[in-house]
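# A closer look at the structure
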Amino acid sequence: MSKKAIAPLALTVVLAALLAGCVKHGHYAPGASATPAAGAADQALEARVEEMMLTSFKATGIASLDRQVRDEVQKACSSPVQPDAETMRRLEEGQMATIQWPSNGDFTGGDWKEGARIAISGRGLTWTDASPDNNGGGCYNCHAMDPGEVSAGTIGPSLVGYARLRGNSEEIVRYTWGKLWNAKAYNACSNMPRNGYGKILTETQIRHLMAYLFDPASPVNK
Amino acid sequence: MKRKLMAAAIGVTAAFAAPLAFTSEELNFDAYRQMLADGNPAELFEMEGEELWVTARGPKNATLEQCDLGLGPGVVEGAAAQLPRYFADTGKVQDLESRLMHCMETLQGIPSGEIIGGKFRQGERGKLASLVAYVVTHSKGKPIAVDVSHPKMQDMYAMGEKVFFYRTGAMDFSCASCHGEDGKRIRATHLPNITTNKGAAEGWTSWPAYRVSNSQFWTFQHRLWDCFRQQRTAEPVFASDVTIALSVFLAAKSNGYEAQWPGVKR
């Protein structure tokens with residue numbers, strides 16, 4: 001009974017995916033549509049979902065309804081399939097322009113011990129958090145960093161031995177600051193949050209994380 | 001009897017919650033799940049729910065024995081395995097929780113607003129969770145059989161799928177950020193890949209669940225609520241469309257998989 005019930009839906013899904021011609025990782029791509037009619041239907045659905053993402057939520061504590069509205073990047077990346085290369089480049093350019101580089105051109109001055117604390121803490125910005133300040137970076141949710149920390153997530157690549165492996169050339173230091181400030185400048189649909197741009201972390205906190213990644217004394221590089 | 005079980009549950013919590021807080025639950029989870037298999041502490045909630053089902057309550061002083069969960073008035077056996085579904089009497093797609101809430105309002109006169117405006121594990125919403133424990137237990141071992149042929153079910157599925165990939169909030173997360181690939185972890189916690197049927201079923205067929213770490217029974221609405229919290233969105237409204245849409249999406253993808261209800265979790 002269950003198999004039969006889902007068959008028509010599955011068929012539409014398969015058809016849509018075939019029409020769209022973009023099955024990635026075997027998932028169906030709802031956002032992409034080849035025919036104008038399918039495109040219009042998808043846009044109507046999209047509009048109703050946007051509406052629902054407002055009406056099904058309420059503001060609680062520091063989590064206001066603004067959070068339910070997507071910016072350009074979030075919108076373009078709300079599908080299992082990435083936008084085309086041209087769109088990605090355009091979005092990344094826009095995000096690159098938001099990065100605040102250190103005012104004095106100096107990326108150093110952070111304390112790796114402070115950086116470790118920020119990397120370990122995953123707290124902040126939920127509706128149960130009292131204030132939008134003093135957030136953690138939640139880096140260990142997604143990355144291995146200190147090889148001694150076994151409880152490291154795998155959503156992002158391992159950062160173990162970061163500076164030991166990559167050195168500390170001007171180029172890599174600059175890239176890392178940029179990546180920490182706004183990860184979407186380098187990959188518009190990255191799973192990594194935009195720490196500086198999104199006001200998750202302060203410039204001082206990012207400086208501490210730079211030390212955590214680059215200081216030879218940091219456990220990351222041991 | 002009840003007191004004895006409670007004592008057992010506390011014992012279990014004390015023995016397992018502490019080490020788990022510090023080690024990867026992946027390492028020993030199967031072992032303790034097995035130990036709990038014969039005595040899931042969710043039984044306490046199930047027993048309370050069974051009692052609530054037959055107790056005359058509310059302004060109308062009625063029981064829930066006439067509540068129709070989709071298989072006819074009073075039928076509990078297998079009811080949870082075919083939810084969410086479209087109900088002609090309300091003209092809505094409802095999950096187990098919103099349907100029970102509807103029954104409590106229409107049969108007993110308990111206003112839904114009290115539950116929607118309430119808090120998890122408290123007051124009427126807490127009682128509702130016990131009813132959930134009772135109902136899902138009667139689908140344990142049954143294959144998920146959600147009928148998505150009704151256009152409103154198809155619509156909810158399509159909406160749920162869109163929501164699953166909807167990136168928003170301070171950290172740009174969607175459900176897919178954490179549940180979009182195989183074999184990923186947040187810290188030591190394994191994350192099912194909900195874009196696959198197997199991964200969706202892993203979640204859907206194991207919630208509602210008893211959480212050993214805090215000795216709480218969590219419904220699926222509660223599970224979703226906490227994922228939205230981690231996603232850094234605003235707070236989802238209890239039984240709102242977004243929760244129903246996601247539930248339809250997960251449940252339909254789980255069709256054919258066996259319900260493990262109630263689950264036991266970290």
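Being a predicted model, the structure only gives us computed values, none of them experimental.

## Digging into the UniProt feature "active site" (unreviewed entry) in chain B
Mapped onto the present numbering, the UniProt feature "active site" (unreviewed entry) falls on Cys227(B). Relative to the helices and strands, Cys227(B) is located in helix H10 (residues 220–231).

## A few points about the side chain of Arg70(A)
Relative to the elements of secondary structure, Arg70(A) occurs in the loop between strand S1 (57–58) and helix H3 (72–76). For Arg70(A), the side chain forms a polar contact with the side chain of Tyr166(B), separated by 3.4 Å. When neighbours within four sequence positions are excluded, Arg70(A) is seen to be in contact with Glu46(A), Glu50(A), Lys75(A), Ser78(A), Tyr166(B), Arg167(B) and Thr168(B).

## Things to note about empty space enclosed by the protein
Residue and element names in this part refer to chain B. Here the structure, examined in full by the defined rule, presents three cavities of 30 Å³ or more. The volume enclosed by the largest cavity comes to roughly 130 Å³. Along the walls of the largest cavity sit 14 residues, with Leu96, Glu97, Trp204, Pro208 and Phe220 positioned nearest its centre. Every element with two or more residues in the lining of the largest cavity is listed here: helix H4 (96–108) and helix H6 (123–137). In terms of residue class, the lining of the largest cavity is made up of 11 nonpolar, one polar and two charged. Each of domain 1 (2–137) and domain 2 (151–265) accounts for three or more of the residues forming the lining of the largest cavity.

## Focus on a nonpolar patch on the surface
All names here are of chain A. On the surface, a nonpolar cluster with roughly 220 Å² of combined accessible area is contributed by Leu54, Leu65 and Val69. Its location among the elements puts Leu54 in helix H2 (residues 36–55). Look at Leu54 and you get partly exposed, because its relative accessible area is 34%.

## Considerations on the interface of chain A and chain B
Listed per partner, the contact involves 57 residues of chain A and 50 residues of chain B. The residue Glu149(A) makes a salt bridge to Arg187(B) at a minimum N-O spacing of 3.9 Å. Of all the elements in the fold, those that place two or more residues in the side of chain A that touches chain B are helix H1 (2–20), H2, S1 and helix H6 (139–142) of chain A. Ranked by residues supplied to the side of chain A that touches chain B, first place goes to H2(A) with eight residues. Taken together, the residues of the side of chain A that touches chain B sort by class into 26 nonpolar, 20 polar and 11 charged. As paired elements, S1(A) and strand S7 (residues 235–236) of chain B share two bridges and run antiparallel to each other. Bridge assignment links Lys58(A) to a residue of S7(B), and that residue is Glu235(B).

## With respect to the sheet that holds strand S6 (residues 216–218) of chain B
Residue and element names in this part refer to chain B. Taken together, three strands build an open sheet; the order of strands is S6-S5-S8 and the sheet is mixed. Edge positions in the sheet fall to S6 and strand S8 (263–265), since each has one partner strand and no second. Taken over all neighbouring pairs, the strand axes of this sheet differ in orientation by 30 degrees on average, direction set aside. The sheet contact formed by strand S5 (residues 209–211) and S8 spans three bridges and is parallel. In the sheet register, Tyr210 faces S8, and the bridge partner there is Val264.

## Regarding the packing of H10(B) against helix H11 (residues 241–253) of chain B
Residue and element names in this part refer to chain B. Running from N to C, H10 and H11 point in directions that differ by 105 degrees, and their axes come no closer than 11 Å. Judged on the interaxial angle alone, H11 and H10 are roughly perpendicular. Taken together, the residues of H11 that come into contact with H10 (itself represented by Phe220, Gln221, Leu224 and Phe228) are Val242, Thr243, Ile244, Leu246, Ser247 and Leu250. Considered class by class, the residues forming the contact of H10 with H11 number seven nonpolar, three polar and no charged.

## Quick notes on the state of the cysteines
Disulfide: a covalent bond formed between the sulfur atoms of two cysteine residues. In this structure the tally under the stated criterion is two disulfides over all chains. Note on cysteine connectivity: Cys77(A) is disulfide-linked to Cys189(A), with sulfurs 2.0 Å apart. Taking the torsion about the sulfur-sulfur bond, which here is approximately -75 degrees, the covalent link between Cys77(A) and Cys189(A) counts as left-handed. Here Cys77(A) is found in the loop between H3 and helix H4 (85–96), whereas its partner Cys189(A) is found in the loop between helix H8 (170–181) and helix H9 (203–214), with 112 residues between them in sequence. With a relative accessible area of 6%, Cys77(A) lands in the buried category. Given the relative accessible area of 13%, Cys189(A) is considered buried. For Cys67(B), the disulfide goes to Cys103(B), at an S-S distance of 2.1 Å. One quick way to see it: the torsion about the S-S bond of Cys67(B) and Cys103(B) is about 75 degrees, and its sign makes the bridge right-handed.

## Some details on the pattern of salt bridges
The final tally for this structure, using the stated rule, is 20 salt bridges over all chains. A salt bridge links Lys184(A) to Asp172(B); its shortest N-O distance comes to 2.9 Å. Remark: Asp172(B) occurs in the loop between helix H7 (151–164) and helix H8 (175–179) and Lys184(A) occurs in the loop between H8 and H9; the pair is interchain, linking two chains. With a relative accessible area of 2%, Asp172(B) lands in the buried category. Glu203(A) serves as the salt-bridge partner of Arg207(A), at 3.1 Å between the closest nitrogen and oxygen. Here the residue Arg207(A) and the residue Glu203(A) both occupy positions in helix H9, the gap between them amounting to four residues, near one helical turn.

## Topic: the UniProt feature "domain: Cytochrome c" (unreviewed entry) in chain A
With numbering aligned to this structure, UniProt lists the feature "domain: Cytochrome c" (unreviewed entry) at residues 110–217 of chain A. This span, residues 110–217 of chain A, is 39% helix and 0% strand, and a straight line between its end C-alpha atoms measures 12 Å.

The rules behind these values
Residues numbered from 1 in each chain as written. Chains lettered and ligands numbered in written order. Predicted model: local features only at pLDDT ≥ 70, side-chain atom pairs only at ≥ 80, totals over all residues. Heavy atoms only, no water. UniProt positions renumbered as here; feature names shortened; annotations may be inferred. Helix = DSSP H or I, 4+ residues; strand = E, 2+ residues; numbered from the N terminus. Polar contact = N/O pair within 3.5 Å; in protein donor to acceptor, adjacent residues only side chain to side chain. Contact = heavy atoms within 4.5 Å. 1 Å grid on protein atoms, 1.4 Å probe; cavity = no way out; pocket = protein on both sides within 12 Å on 5 of 7 lines; lining within 4 Å. Points joined across faces, edges and corners; volume = space filled by probe spheres on them. Nonpolar A, V, L, I, M, F, W, Y, C, P; charged D, E, K, R; others polar. Domains from an automatic or database assignment. Patch = residues over 30% accessible without salt bridge, like charges linked within 9 Å, V, L, I, M, F, W, Y side chains within 5 Å. Areas by Shrake-Rupley, 256 points an atom, 1.4 Å probe, with all protein chains shown as cover. Salt bridge = Lys/Arg side-chain N within 4 Å of Asp/Glu carboxyl O. Buried < 20%, exposed > 50% of the residue type's maximum accessible area, 1.4 Å probe, protein only. Pairing = 2+ DSSP bridges. Axes fitted to C-alpha atoms, helices over the stretch in contact; angles between N-to-C directions. Parallel < 35°, antiparallel > 145°, perpendicular 65-115°, else oblique. Disulfide = S-S within 2.5 Å.

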